[in-house]
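Here's the letter readout for the chains.
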Amino acid sequence: MAGNKPRVISLTKRPGHTFGFYLRVEHSEEGHLIRCLEMGGPAELAGMKDGDRILRVSGTFVDGLSHSEVVDMVRNSGASVTFHIMDEASYKQAKAQGVNLADPQSAPVTNGVAKQALKPKLSYLVKSSLGFGFSLRSVKGEQGLFMTEVIPGSVADRAGIKVHDRLLEVNGESVEGSTHEQVVDKIKLAGSSIMFLLVDEETDRYYQNKHMKIGAWLATAKYLPHKPRTIDMTKESDGYGFLLREEPNQTGHFIKDIDRGSPAERAGLKEMDRLVAVDGKEVDGCSHEQVADKIRQSGNKCCLLVVDKDTDQMYKQAKVSPMLFWDEMKDSNSPPSYTEAINLPAPVRPSTPVQKREEELKPKLCKMEKTSVGYGFHLNGIQGVSGQYIKEVVKGGAADRAGLEDDDIVVEVNGVNVEQSSHEEVVAMIRSSGSSLEMLVAKKSVYDQLKAKGVTVTRLLLRETSYVQVHSANTPEASKEERREEEARPESPTEAARERTSSTSSSSSQDSIDERL
């Protein structure tokens, strides 16, 4: 069933709460559908998507069962349940091709990683005012310590930790032979940040069956909040525009004195970045002259792998090389990308035809109020590439009315510059902003031109205006601004906004059934 593999998602809910989605059956739609995902709920955080189909509940195939039977199975599972799910397109394709979805040979994908690529994971946690958000348990007769009570939305949850994960290392040191008390003491002594090496149940069985030792050198780095950066540069007549230096009392090769407007600056190199690799070859242990020769031998194009101070410290805490990131990226067909829905899309409304003004080289300050269905956009990023950008802006939603557009580059969130922040950090800032959000963004073409000119993108470029926007052909600018303020107010929730259905289903009670889970 290649190309139609289900995903395995485990959810845990707090007492008195739900898993954060509706289970529906809809007229003329096959399967048990996931709908109305709660923003920040366990289901949305775990990666469930609107329209996904549930195939199994706690290992039991349910595609042929009635709606009420599946609801009862989920509710009787208690606080934790495991789903096998398939995205809408793959499900419909499998049905059309007559694929037997109940076939146990149809190997699932667990947490987005296929069986042939099962890996342990590195998880980096920085303690919040509420702690790390997990508990440790040991089981009599079983070797090892296991994660339990992972609080949805907590530091541990955002770091990719799941219930039943087995703990292998703390800050690069093995704890497999340690007692429960020894590990707890080690975690307490670690302070405000800590690095774990963990393995889920399936991956643990995989390596045990092969009698292979599990170590951090095998781990995925996809859950780590700070990413090394790949810097692709094309040499100009006066070189790349930076100096390579060895700093006193520091190990490694560091970037210094970056020329304004140079290939190095445009590619995203920063002062005091540490150079890890040149064209995929690690340079730790090389002399200054050897590294310089590697760069010269690259010709007119060069690819550097670098880390800033925070990323460097994080990898050192795990006692692994940032080359782990490079190797994982190289093994994929393209640099791994990640996307996270900030909120459920707002309802679609017809857009008003507009006449575009000539592009101005300045950013946009977009202020929005959260509606009953959220802000209506996605935040995207690409591993190894600095910056976050906007995608899937819903027409008529809060983000659309505030002036956000697809591919806008995010510069500030609530007055804080996020150009060098990780994807997870920016998402956390947006989620913690409450019911209102202010973002300084720039169209990609504008952002690139400003950076090429060596201009720092700040609110000072806005001059006196609060918004840079497109005006309709026959509307005075002042009245359009007034209307923008009016439209930015939160809309009252409607039934259509609260309950989304597919375009082929009817909203009448006789044609659709749903249950909040």
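Residues numbered from 1 in each chain as written. Predicted model: local features only at pLDDT ≥ 70, side-chain atom pairs only at ≥ 80, totals over all residues. Heavy atoms only, no water.

Caption draft 1: A look at the overall build of the protein. Along the protein, the regular secondary structure elements total 15 helices and 27 strands. In the protein, once contacts between residues fewer than 6 apart in sequence are set aside, the share between residues at least 24 apart is 68%. Of the roughly 25600 Å² of accessible surface on the protein, a fraction of 48% belongs to carbon and sulfur atoms. (Helix = DSSP H or I, 4+ residues; strand = E, 2+ residues; numbered from the N terminus. Contact = heavy atoms within 4.5 Å. Areas by Shrake-Rupley, 256 points an atom, 1.4 Å probe, with all protein chains shown as cover.)

Caption draft 2: Layout of the nonpolar core. In this structure, L122, M195, L224, L305, Y315 and V320 are the most contacted members of the largest nonpolar core, which totals 26 residues. Contributing elements (two or more residues each) for this core: β8 (121-126), β13 (193-199), β17 (274-278), β19 (301-307), α9 (309-318) and α10 (323-331). It is α10 that provides the largest number of residues to this core, a total of five residues. Excluding anything up to four places from it in sequence, M195 contacts L122, S123, Y124, E169, V170, N171, L224, M314, Q317 and A318. (Core = buried A, V, L, I, M, F, W, Y, C linked by side-chain atoms within 4.5 Å. Buried < 20%, exposed > 50% of the residue type's maximum accessible area, 1.4 Å probe, protein only.)

Caption draft 3: Quick peek at the environment of R14. Looking at where R14 falls in the secondary structure, it is placed in the loop between β1 (7-12) and β2 (22-26). On the accessibility criterion, R14 (42% relative accessible area) is partly exposed. What R14 contacts, discounting residues up to four positions off in sequence, is I151 and P152.

Caption draft 4: The arrangement of the state of the cysteines in detail. In the structure shown here, the tally under the stated rule is zero disulfides. Left unpaired, C302 is separated from the closest cysteine sulfur, that of C303, by 7.2 Å. (Disulfide = S-S within 2.5 Å.)

Caption draft 5: How the structure looks around the confidence of the model for the protein. This prediction gives the protein a mean pLDDT of 78; 79% of its residues lie at or above 70. Across the protein, the element-wise mean pLDDT spans from 30 in helix α15 (residues 495-498) up to 95 in β13. With pLDDT under 50 throughout, residues 333-358 is counted as low confidence; its partners more than four residues away or in other chains account for 83 contacts. Note on residues 464-511: pLDDT under 50 across the span, and 75 contacts to partners over four residues away in sequence or across chains. (pLDDT = per-residue confidence, 0-100.)

Caption draft 6: Just the side chain of S123, in detail. Along the chain, S123 falls in strand β8. Note on S123: relative accessible area 0%, which makes it buried. At 2.9 Å, the side chain of S123 and the backbone oxygen of A159 are in polar contact. Ignoring sequence-local partners within four residues, the contact set of S123 consists of A159, G160, I161, I194, M195, F196, L198 and L224. (Polar contact = N/O pair within 3.5 Å; in protein donor to acceptor, adjacent residues only side chain to side chain.)

Caption draft 7: Geometry of the environment of E44. As for its placement among the helices and strands, E44 is situated in helix α1 (residues 42-46). In sequence terms E44 and F21 are 23 residues apart; their C-alpha atoms lie 8.0 Å from each other. For E44, the side chain forms a polar contact with the side chain of R431, separated by 3.2 Å.

Caption draft 8: Quick look at the pairing of strand β26 (residues 436-442). The buried fraction of β26 is high, at six of seven residues. One ladder, built from six bridges, connects strand β21 (residues 364-369) with β26; its direction is antiparallel. Bridged to C366 within β26 is M439. As paired strands, strand β24 (residues 409-413) and β26 are joined by four bridges and run antiparallel to one another. (Pairing = 2+ DSSP bridges.)

Caption draft 9: Looking closely at the packing of aromatic side chains. Scanning the model with the defined rule gives five aromatic pairs in all. Their ring planes at 85° and their centres at 5.6 Å tell us that F134 and F196 sit as a pair that is edge-to-face. Of this pair, F134 sits in the loop between β8 and β9 (135-138) while F196 sits in strand β13, and the two are 62 residues apart along the sequence. Note on Y375 and F377: the rings are 6.4 Å apart at their centroids and 40° apart in plane angle, and the pair reads as tilted. Comparing Y375 with F377 shows no difference in burial state: the two are buried. Pairwise contacts between aromatic rings join F132, F134 and F196 into one cluster. Over the aromatic face of Y223 sits the side chain of K121, whose NZ or CZ is 5.5 Å from the ring centroid. (Phe/Tyr/Trp six-rings, centres within 6.5 Å; stacked < 30°, edge-to-face > 60°. Lys NZ or Arg CZ within 6 Å of the ring centre and 35° of its normal.)

Caption draft 10: Local environment of helix α12 (residues 423-431). Three or more residues of α12 are buried, namely H423, V426, V427 and I430. Buried residues in α12, looked at end-on, bunch into an arc of 100°, giving them a common side. (Arc of directions from axis to C-beta.)

Caption draft 11: Structural view of α9. Those residues of α9 not exposed but buried are T311, D312, M314, Y315, Q317 and A318. Measuring from the side-chain oxygen of the N-cap residue of α9 to the backbone nitrogen of D310 gives 3.3 Å; that N-cap residue is D308. K319, located one to two residues past α9, shows a positive phi value of around 60°.

Caption draft 12: Representation of the environment of S90 in the model. Within the fold, S90 resides in helix α3 (residues 88-96). Sequence spacing of S90 and D52 is 38 residues, and the spatial spacing of their C-alpha atoms is 9.3 Å.

Caption draft 13: Quick peek at unusual backbone geometry. You will see that N171, though not glycine, has its phi angle at about 50°, which is positive. Inspection of the secondary structure assignment puts N171 in the loop between β11 (166-170) and β12 (173-174). Backbone geometry places D279, a non-glycine residue, at a positive phi of 50°. Inspection of the secondary structure assignment puts D279 in the loop between β17 and β18 (281-282).

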